[in-house]
Structures are given as C-alpha cells and as structure tokens.
Amino acid sequence: MKKLALGELLFLVIWRDLVLAMRRRADVLTTLVFFMMVVSLFPLGVGPELDMLRKMAPGVLWVAALLASMLSLGRLFSADYLDGTLEQMMLAPQSLSVLVLGKMIAHWLVSGFPLVLVAPVLGLQFDMSAQSLLVLIAGLLLGTPILSMVGSIGAALTLGLRGGGVLLSLLVLPLCIPVLIFGTSAVEAVSSGLSVVSNLSLLAALLVLALLFTPWVSAQALRISME
Amino acid sequence: MAINWFKYSAPSAFYNLAGKVIPWFAVPATILFVAGIYTGFFVAPSDAQQGEAYRIIFIHVPASILSMFLYLVMAAYAALGLIFNTRLSSMMATALAPTGALFAFVSLWTGAFWGKPMWGAWWVWDARLTSELILLFLYFGFIALHASIDDVRRADRAAALLAIVGAVNVPIIYFSVRWWNTLHQGATIKFTGTSMHIAMQQAMFMLLLAGWLYAVAVTLFRVRSIILEREKNTRWVAELVEVQQ
C-alpha cells in the first residue's frame, strides 16, 4: 500500500470524522441545543430589559460557546480510543500531529461551526445591532477553532480517565480566557464606536499560534496517554 | 575534579540530602518571618494615605511574588522531568504545586482584606487580582490532573505537559486580562511609586526571603514523603532507620 501524502491524510481524517459525526447526528445536535438553551436562560435569569441584554450579549454568547465546546471535547478522541482506532492511527507512518490537526478541524466543523451559524439568531434575541452581530460572527469564526485546538490538548491528556469531563473543563477553561476576552472586547469596541481591528487581529494571532503549536502538543499528550 | 551533577538526581541520594538541609531552610525561615512581621507591624510607620491597613502588603506582596515564581519553577522541573525522564524532577514539580497554590490563595485572601478598606469592596476585577485567580485555577488543574491518573509515571508526564502549556499561556492570559481591565473601567487605585520607608522595605524583603525559604523547606519535606511513597518497594527504603522503627 502506498504511503499517503500529508494533505491526503489530513483530508481523509477530516472526511472520516465528518462521516462518523453524520452517522451520530444526535451528538452534534445536543451541543447546539445546549448552546441555544444556555443563551436563552440568561434573559430569564437577569430580566428582560433590552439595554442590559444588549450589553451582556457578547459575553453570554461567548461563555455559552465556551461551555458548549467543553461539552463536545470529551468525544474528540474517546470513541477512537475505546475501539482501538486511535492506537492504529498512532502506528501510522505519517506524522501524528497532522492526524490530530485533522481531528481538530473535523471537531470544529461539527461542534464549533454550527454555533457560529446560530449565534446571529441568538444575538437578535438580545437585540444586538447588525454591526455588532457581524463582529461577533467574525470573532467566533476566529475564536472557536482555537477552543477546539486548545481543548484537544486537554482531551488528549484526560483520555480514558474517570471523571474526565469535569477535569477537562478545569484544565482547558483557564487557558481559553484570552479568547473569551478578545472575542467579547471586539463586540464591545464596535458598540462603543472604537476600532475592532486590534481585538480581531489578536484573535487571529492566537489562531495562528494555536495552529502552529497545538497539533504537536496534542500529539505529545496522546503519546503520554496511550503508552 | 569532575563533579557528578547527577548524583543527587537519584531519589535515594536526594532523600538523605533533603533531610539534612531542611533545618537550614526551616530555621532561618522562622527567624526571618518573626523578624519581618515585627518590623512590618511595629517598627514600620503607618502610611500617610492608607493608614494602618497597608500593612497587609507585607504578607500580600511576598505571597503574590512567590505564587508566580513557584509556578515557573514547577513548570521548569516538570519540563526537566519530561525531557530527561528524571523521576526526581517530576516529584519536585508535584511537591511544589500545593505550596504554590497556597501562596496564590494567601495572596487572594490578603488582597481581599486590603481591598475592603482601600477600594471599599472585597473583590475588584483588577487585572492583577484576576490573573492571580486564574493562576490559582492553573495550579488546581495541575493538581487535579496529577491526582486523577493512577499510573504515577503517566501522571507525571501528563501534568508536566499541562504545566508547560500553562507557563506558555500565562503571559498571554496576563496581558489579555490587563487590556480587558483597562477597557472596562480604566485605572484603579494603584501604588504610585512613592519612595517606601526603609523599615517597610526591610520588612517586605525579610518576609519575601522567609516565604522563599519556607517554600524550599516545605517542598523538600513533601518531596521526601513522595519519594518514600513511590519507592516503598525498594531495598534502600526498607533499610532506612525511620522506616524500620
């Protein structure tokens, strides 16, 4: 059998994970429904005044996105770990980092991207302006992949541990704080008439950094967990 | 003469060395602590603007400095353990974590005590307070991850990776929190660089040194327990006087 090129491998892993996710659609939908529910609970908790809701909206949406991504991270490697696929993947002659990158991208497409798509609708519930919504979506597009990537480190480290889910959140949430801050600050900047470029650039910079380092770190974490 | 640097990386050799040097750290730590507290609370004059309440900084500042410094030391030991596969380095990292978390907690606690009379609130979302809180969370993550993996070697390596990722992330977190804070509420009350009274400096310095020595002594004490626990099936542990008794 010929050795696959890295690009082909990446594509193959993404495609496989997407197909698997489509076979278990309920998992994908649960994350999305969770996201919508958490966001909708906030107005019930703090009251329906539109002024306050408009102010809270970016924070609420971002925190909900953060929590929703934590929820789905546990599944990133666990199914493959349980049925032995992960072990086979680690034996593959290609770089494990690329494989992990493929899984991260697939995870984002399945659990991060749908959140970005429904976020504007939820934003309307909070009476956000069109401009703010646009910045929110841009921020989420840049930020949610970082959550998937940083989260994958935690997912790899907690692989197969008891109480993995809660532990995973404990490890990953503090590391995601910068993303949360830059994402919400961008929206606040636009609603107070400031430039959004700085915050979005910082998010993009974090994305580039994460793309560079997290696949490799995650691969190392997997090696530690699997030996 | 070639010095064998790695002699004390063997847990059995280090166990004895640590046992011998602990008093050399513990005793000065106690003396400096008492002297520092005395200077801070009785000798140093009260502050012109802040009155007596400022004296909390004699505890607060050393605790904050040490909590941050110890995280870096912990990450460095963890990295050593991961790279050179030395068991002792990982044990040191594990032993440092609770002390670091303790200092972070003390720093937050005293910060709240200082904030109440100064800012009128127990908690202000000040950039430094917030970063300290996040640092405490990072310590908790390290301890929790280490505790939930049964295989010690795997726990060491996994926690080491987490500590390194955390250490890389700390500056990013710190600056993001700082910018977030300035965007939200502008400058809060800060220590303007008024020249400190000499007694204040002395007290602060003594307590910082005391905290540092305390951290070393406690870490060595803890690492001795960890060594005993992990090496309990070896012959040298069975031959120890304190074990045989």
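### Overview of the overall build of chain B
(1) Moving on: Scanning chain B from N- to C-terminus turns up eight helices and zero strands.
(2) Moving on: Ordering the α and β elements of chain B from the N terminus gives α-α-α-α-α-α-α-α.
(3) Moving on: By principal-axis analysis of the C-alpha atoms, chain B measures approximately 60 × 40 × 40 Å.
(4) Moving on: Across the 245 residues of chain B, 38% fall into the buried class.

### Side note on the overall build of chain A
(1) Moving on: Counting its secondary structure elements, chain A contains 10 helices and zero strands.
(2) Moving on: Along chain A, helices and strands appear, N-terminal first, in the series α-α-α-α-α-α-α-α-α-α.
(3) Moving on: Relative to its length of 227 residues, chain A is compact, with a C-alpha radius of gyration of 18 Å against a globular reference of 17 Å.
(4) Moving on: In terms of its C-alpha atoms, chain A occupies a principal-axis envelope of roughly 60 × 35 × 30 Å.

### Structural notes on the interface of chain B and chain A
(1) Moving on: Opposite the 22 residues of chain B that make contact, chain A presents 21 residues.
(2) Moving on: Listed by contribution, the elements that provide at least two residues to the side of chain B that touches chain A are α4 (127-148) and α5 (152-185) of chain B.
(3) Moving on: Of all the elements, α5 of chain B adds the most residues to the side of chain B that touches chain A, at 13 residues.
(4) Moving on: Its residues placed into classes, the side of chain B that touches chain A shows 16 nonpolar, four polar and two charged.

### Points about the confidence of the model for chain A
(1) Moving on: For chain A, per-residue confidence averages 89 on the pLDDT scale, and 99% of positions sit at 70 or higher.
(2) Moving on: No element of chain A has a lower mean pLDDT than helix α4 (residues 75-82) of chain A, which averages 87, and none a higher one than helix α7 (residues 130-157) of chain A, which averages 93.

### A word on the environment of Leu180 of chain A
Residues and elements named next belong to chain A.
(1) Moving on: Checked against the element boundaries, Leu180 lands in helix α9 (residues 177-191).
(2) Moving on: Put simply, Leu180 and Gly139 are 41 residues apart on the chain and 9.5 Å apart in space, counted from C-alpha to C-alpha.
(3) Moving on: Leu180 has contacts with Trp62, Val63 and Leu66, leaving out every residue within four places of it along the chain.

### Regarding the nonpolar core
(1) Moving on: Counting residues in each nonpolar core, the largest one holds 138 residues, and the members touching the most others are Leu61 and Cys176 of chain A together with Met74, Leu161 and Leu162 of chain B.
(2) Moving on: Residues in contact with Leu161 of chain B, not counting those within four places in the same chain, are Leu157, Val217, Gln220, Ala221 and Ile224 of chain A together with Leu82 of chain B.

### Examining the environment of Leu102 of chain B
All names here are of chain B.
(1) Moving on: Assignment of secondary structure puts Leu102 in helix α3 (residues 87-119).
(2) Moving on: According to the C-beta neighbour criterion, Leu102 is partly exposed, with 19 such atoms within 10 Å.
(3) Moving on: Sequence spacing of Leu102 and Ala63 is 39 residues, and the spatial spacing of their C-alpha atoms is 8.7 Å.

### Some thoughts on unusual backbone geometry
(1) Moving on: Although it is not a glycine, Asp127 of chain A sits at a positive phi angle of roughly 60°.
(2) Moving on: Residue classification places Asp127 of chain A among the exposed positions, given that 12 C-beta atoms sit within 10 Å.
(3) Moving on: One non-glycine residue, Asn85 of chain B, lies in the positive phi region at around 60°.
(4) Moving on: Following the sequence through the fold, Asn85 of chain B ends up in the loop between α2 (57-84) and α3.
(5) Moving on: On the basis of neighbour counts, which here come to 12 C-beta atoms within 10 Å, the residue Asn85 of chain B falls in the exposed class.

### Notes on helix α2 (residues 25-46) of chain A
Residues and elements named next belong to chain A.
(1) Moving on: With 22 residues, α2 should reach 32 Å at 1.5 Å per residue; the first-to-last C-alpha distance of 33 Å fits that figure.
(2) Moving on: Looking at the buried residues of α2, the elements they touch are α3 (50-73) and α6 (96-125).
(3) Moving on: Phi turns positive one or two residues past the end of α2, at Gly47, with a value near 100°.

### Regarding the environment of Trp123 of chain B
Residues and elements named next belong to chain B.
(1) Moving on: Position of Trp123 among the secondary structure elements: in the loop between α3 and α4.
(2) Moving on: Look at Trp123 and you get partly exposed, because 14 C-beta atoms sit within 10 Å.
(3) Moving on: A C-alpha to C-alpha distance of 8.2 Å links Trp123 and Gly111, two positions 12 residues apart in sequence.
(4) Moving on: Each residue touching Trp123, except ones within four places of it in the same chain, is listed here: Ala112 and Gly115.

Conventions we followed
Residues numbered from 1 in each chain as written. Chains lettered and ligands numbered in written order. Predicted model: local features only at pLDDT ≥ 70, side-chain atom pairs only at ≥ 80, totals over all residues. Helix = DSSP H or I, 4+ residues; strand = E, 2+ residues; numbered from the N terminus. Buried ≥ 20, exposed ≤ 12 C-beta atoms within 10 Å, placed from the backbone. Rg over C-alpha atoms; globule rule 2.2 N^0.38 Å. Contact = placed C-beta atoms within 7 Å. Nonpolar A, V, L, I, M, F, W, Y, C, P; charged D, E, K, R; others polar. pLDDT = per-residue confidence, 0-100. Core = buried A, V, L, I, M, F, W, Y, C linked by C-beta atoms within 7 Å. Expected span 1.5 Å × (residues − 1).

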